[in-house]
Amino acid sequence: MADRAGYTLVVYALDVSPSMGELKADPGGGRERTRLDWAKELVARLCEPKISSGRKTEAVGVLSFGGKTNNQAHNAYIDANPEDDNPPYAAISCDVAIQTAKPKTVEVVMNLALGSTEGNPVSALMVALDMIHVHKHSKSWSLEIVLITDGESAFVQDEYEDAMNRLDDEGVKLTVLGIDFQDPSEPVDKSKSRAKRLSEKFWRTFVAKLHESMSKTTDAPEFLPALATFDSRLLAARQPRTAIVNGTVSPTHLYIGSSQINPDEAIAIPVRYSKATMKARPPSLSKAWKPAMDLQTGAKSQLLSNLMEQSQSRAPGAQPDPSELAAMISAEVKHYSAYVVKREAPPDATQATTQATQQGASQIATQQESEQQEEEEEEAVAKDDIVKAWKFGSTWVPMEADTFEPLHTQKGVEVIGFFPRKNLRRHTLIGEVRFVWPDLTSPRGQIQFSSLVTAMVLRDMVAVVRWVNKDDSEPAIGVCVPAQEFDDGKQLDYMFWVKLPFAEDEHNFWFPSLDKYKTVSGKTVTEHPMIPTAEQCELMDELVAGLDLDEAGDIVSDDERDMDDEDDKGDEREKKPRRRPWFDPSQSYNPVIHRIKEAIFHASLVPDLDSNPLPPPHPDITKYFSTPAEVASRVEDVTKSLQQSLGVKKVPVRTRKRIAKEGLREDEGYLDIDELFEDAAADMSQKPNAAASGSGSGTRTRIEDPDWVQGQTAEPKPKPGRLISNERPLQDFHRLVEGEGDVFRKAIQDMGAVVVENVAASFASAAFAKAVECLRAMRRTALMYEEAETYNKFVDDLEKQVKAPGFKHPNFWQYFEKAGKDVARISPEEAQEALEALEEGYD
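Presented here is a report on the structure given in the accompanying data block.

Definitions and cut-offs
- Residues numbered from 1 in each chain as written.
- Predicted model: local features only at pLDDT ≥ 70, side-chain atom pairs only at ≥ 80, totals over all residues.
- Heavy atoms only, no water.
- Patch = residues over 30% accessible without salt bridge, like charges linked within 9 Å, V, L, I, M, F, W, Y side chains within 5 Å.
- Areas by Shrake-Rupley, 256 points an atom, 1.4 Å probe, with all protein chains shown as cover.
- Salt bridge = Lys/Arg side-chain N within 4 Å of Asp/Glu carboxyl O.
- Buried < 20%, exposed > 50% of the residue type's maximum accessible area, 1.4 Å probe, protein only.
- Phe/Tyr/Trp six-rings, centres within 6.5 Å; stacked < 30°, edge-to-face > 60°.
- Helix = DSSP H or I, 4+ residues; strand = E, 2+ residues; numbered from the N terminus.
- Lys NZ or Arg CZ within 6 Å of the ring centre and 35° of its normal.
- Core = buried A, V, L, I, M, F, W, Y, C linked by side-chain atoms within 4.5 Å.
- Contact = heavy atoms within 4.5 Å.
- Pairing = 2+ DSSP bridges.
- Axes fitted to C-alpha atoms, helices over the stretch in contact; angles between N-to-C directions.

Together, M540, V544, L646 and V648 line one region of the surface with nonpolar side chains, adding up to about 340 Å² of accessible area. By relative accessible area, which is 46% here, V648 ends up partly exposed.

If you want it as C-alpha cells, here you go:
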C-alpha cells in the first residue's frame, strides 16, 4: 500500500444475482439475512474509515452485476454490434463512479436491489478495469478491485485471460471474497451445487495464475491477488480498527553548550523528531439547523412544503427526494460572538416597573417591558474596541497585545544537564512522547548523535533538555532517554523525549505509616485496629499472587513455541507451557471512540433507530472490562477469607432525608406593626390573633428586636440572589469582605439593599443607628477596595428613595446627614488619597 495516508482507489464489484437473495446466518451468530444484505454491510463497513478520514485521496467506486445495465462498455459494444442479442457487458451497472468516499456512497450501496439475471463476474472485472483506467491518478496510487460473489451463477469465461493481463499490466490488486466458499487450503465441498463448485475452482485457478504472474515483479502482499472467504472478512470488518496516522517529521537542532558564551566548544547536531504517542479524541458533535434535519428524516413541515413548491426540476406530479431538498439548506451551524456592555437601569425605571407590576399589569405587558428594558441596558461594543485584561483584586488591569516584550527563545533542543536514569521518577513523565534521531542527510551529525547516545547508555544517564518548537514560543522542560537497538549487525541509536512537570504541576500527598501508629501522646504502637495483622497480610499476598494475569493468557501451541537451549537440554524436567500476555496494549481500544463510531455508522444506515436500535458493543471493546473468569474463580476462596478477616461489610445505601420547610411555631405569628401601634389604648392581647388570621392590612413582617436578629433557632438566610441577610447584615458583610474571593462590589450592593429594607420596616427610629453603622462599614470597604463609585451611587439612590412620597420614615435622611463624614459621599480627593496609601502599603 502507499506509504502515505490516502492515495488509494478501490472498486467494489457486488453480485446481485437472484441467488444472493437466499437467507444466510450471521457469521458472528445471530439472525438470518439475505446474502446481499451481508454483502452490502461489508462494503459499507469497508467504506466507513475512508469516509471518516475526510481525505480527498480516498477514492471508491461501486458496480453491481446481475441486475440492471448501466456502463460505457455495454453502450460501446451495442453501437459496434447492434445485431448481437447477447452482449457480454449486459446486467452490469456502474452505480457509483470513482470519486472521493462520501456518505452518499454508502447510501447507494444500501439501496442496491436484487437482480433478475445471472451476472458474469469476469465481465464485471473488465468494466471495473475500465473505470480505473479512465480515472485520473498517478502511479503512486494503490489500486484494488474487491469482487464479492456467491458463485451460484454460471458464466462465460472467455475474457479471463484479458482480465488477468490487464490486472497485471495496470498493477491492480484483485481480492475475491466468496460467500460460503471453502478456505483455499481445503478441498471444495462436493455437496455444493455444480455451478458453485465450478465457480470456486475457477477463482482458485485464476488467483493462483495471477499471483504467479504478478510475483515476478513484486513480492509485497499488498499488491498480490488474494482469495478469501466472505465470513472471515466480514468478521474482521466488524472489529474495531485504529486510525493509522503517519507522524509528521520535523527538523530541529540539538544544542550542547552555548554558542554565545563559548562558540568553540558549542555543538549543534541536526536532528529530526516525530510524535510517538498522541491522545486520540472521539468525534465531536456539530450543531446543525433543525429544519434541515427534519427534511432528512422525512418530517412534515412548512419548510418542506415550500421547497417542494419551489423545486423546478421535478416532473409534474413527481415527489422530490427529501434528502435532495435538505442538501439545499443543510449546513453546519457556526458560532457567532457579539460583545455588549450591560448598563444598570436607573432606580426610577425599576421602581416604576415594580409599581406597575404591583398594580396588576398583565404578564404579557410585563414581559415586553422587561425585554425592551434589557435591550436598552445592553450597549454593543465593536471587537476592535475590546482589550484583554486580568482581574487584580476588584480592578481590571488592561493589557494591550504589545504591552510587554515576549520572552525571546530560540528554536531547538538545548541540553541543560544529565542525571542518573535510576533517579528518573516514572510519575513525572507526563504528556506525549516524541522520537528524536539524527538527520540522515548529515553524516557528521549522525556520528555526533550516535556518540552522545552511546555515552549516555554506557553511563546510564538521561539528559534534561529545554525544548522550543519555534522562535519566541513557550519553552518546555523534558528528558531525553537514550535507546539502542541491534538487528543483523546493525545498530540504531535514537532518543525519546518526554515532558517533565514544572514545580506548579506537581502535587504531593503525604500519609502516615501503614505499619506503625502514633497515639495522641506520641507513643508508637504496632498492634492497632488500623494496622493489618500478619494473617491479613498473608491473605492479601495470596490474593495478589492469584490475580496474576500472566497465567490468564492463551497457551502457545507447540508449533509457535520458541524454546530456549536450557529447556531443550532438560530431558527429565517438565517444560512449562508458554502463555501469551492476557493484556495486549495494541488490542486495547478506547471504548468511547469506537462506540461513538459504531453509533454514527449505525445511524447512517438505519432509517428508524426506534425499531432498529444500536446493537451491543463489539466483544473486542469490552474484553478488558472485567476480570477473566479463570482468575476470578482462582481467588474466590481467598477473597472470602480476606473479607471475613478484614470485616468487610456492605455499606448500606444512603438516602437523603426530606427536610420539611420550617413553619411557624405555635407561639409565632405575623403582626401588623402599624395597626398594632395605631391605637395605644387598644387591647394588645387580641392583636396577634387578629393579625395571624390575616385581618390586618398593610406591611406584614416578622417580630424583630432592635438588632434585627430573630428569636429563632434556624440560621438566618439571605434573600434569593443576595449574600447578606436582613437579620445580621454586619456579620455577613464582614465575613464576605474578609473571606476569599472578589465579592466586594456585590457585598456593598447587597448591604445597601438590606439597609433600605430594614429602615423601611423599622419601628419608629429603632433601626436607624444600626443602619448608620452598616453604612460606615460600607464606606470603609469602598475606600479600601476602590469601590467609591459603587458607594456614591448607592447614596444617590438612597436619597431618592427616602425623599420619595410614600416612604415610611422620611426623617431618616436627617439622621443620615447628622452622621457626618463617616457616611457621606466619597470625594475624588479621598479616593485618590486612599489609593496612594494602599500603594504605599504594597511597597
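Let's pick the thread back up.
With that out of the way, let us pick up the packing of aromatic side chains. Per the stated rule, a full pass over the model turns up 16 aromatic pairs. With a centroid separation of 4.9 Å and an interplanar angle of 45°, the aromatic rings of W467 and W497 are classed as tilted. Note that W467 is positioned in strand β17 (residues 461-468) and W497 in strand β19 (residues 490-499), a separation of 30 residues in sequence. As far as the burial class goes, W467 and W497 line up, both buried. In textbook terms, an aromatic cluster arises when at least three aromatic residues are bridged by ring pairs, as seen for F155, Y160, F202, W203 and F206. In this arrangement the basic side chain of R33 is found over the ring face of W38, its NZ or CZ atom lying 4.8 Å from the centre. Over the aromatic face of W467 sits the side chain of R434, whose NZ or CZ is 4.9 Å from the ring centroid.

Core analysis: the biggest nonpolar cluster contains 39 residues, and L63, I145, W203 and F206 have the highest contact counts within it. Broken down by secondary-structure element, the contributors of at least two residues to this core are β1 (8-15), β4 (58-65), β5 (92-100), α4 (121-134), β6 (142-149), α5 (160-170), β7 (172-178) and α6 (194-214). Looking at which element gives the most residues to this core, the answer is α4, with 9 residues. Contacts of I145, omitting those with residues within four sequence positions, involve V11, L125, A128, L129, I132, L167, V172, K173, L174 and T175. Membership of the second largest hydrophobic core comes to 34 residues, among which are L730, A771, A777 and A819.

Right, let's talk about the sheet that holds β1 for a bit. On the basis of which strands lie adjacent, the open sheet formed by 6 strands has the order β5-β4-β1-β6-β7-β8 and mixed pairing. Across the chains shown, the open sheet's two edge strands, defined by having one partner strand only, are β5 and β8 (226-229). For this sheet, the mean inter-axis angle between neighbouring strands, taken without regard to orientation, is 15°. By the bridge criterion, 6 bridges tie β4 to β5 in an arrangement that is antiparallel. Within β5, the residue paired with V62 across the bridge is V96. The strands touched by α4 are β1, β4, β5, β6 and β7; relative to β5, the strand with the most contacts, the crossing angle is about 30°.

Most peptide bonds are trans, and most residues other than glycine sit at a negative phi. Phi at A91 takes a positive value of approximately 60°, unusual for a residue other than glycine. Take A91: it is sitting in the loop between α2 (72-80) and β5. Residue D488 is not a glycine yet carries a positive backbone phi of 55°. Structurally, D488 can be placed in the loop between β18 (476-487) and β19. Since its relative accessible area comes to 72%, D488 is described here as exposed.

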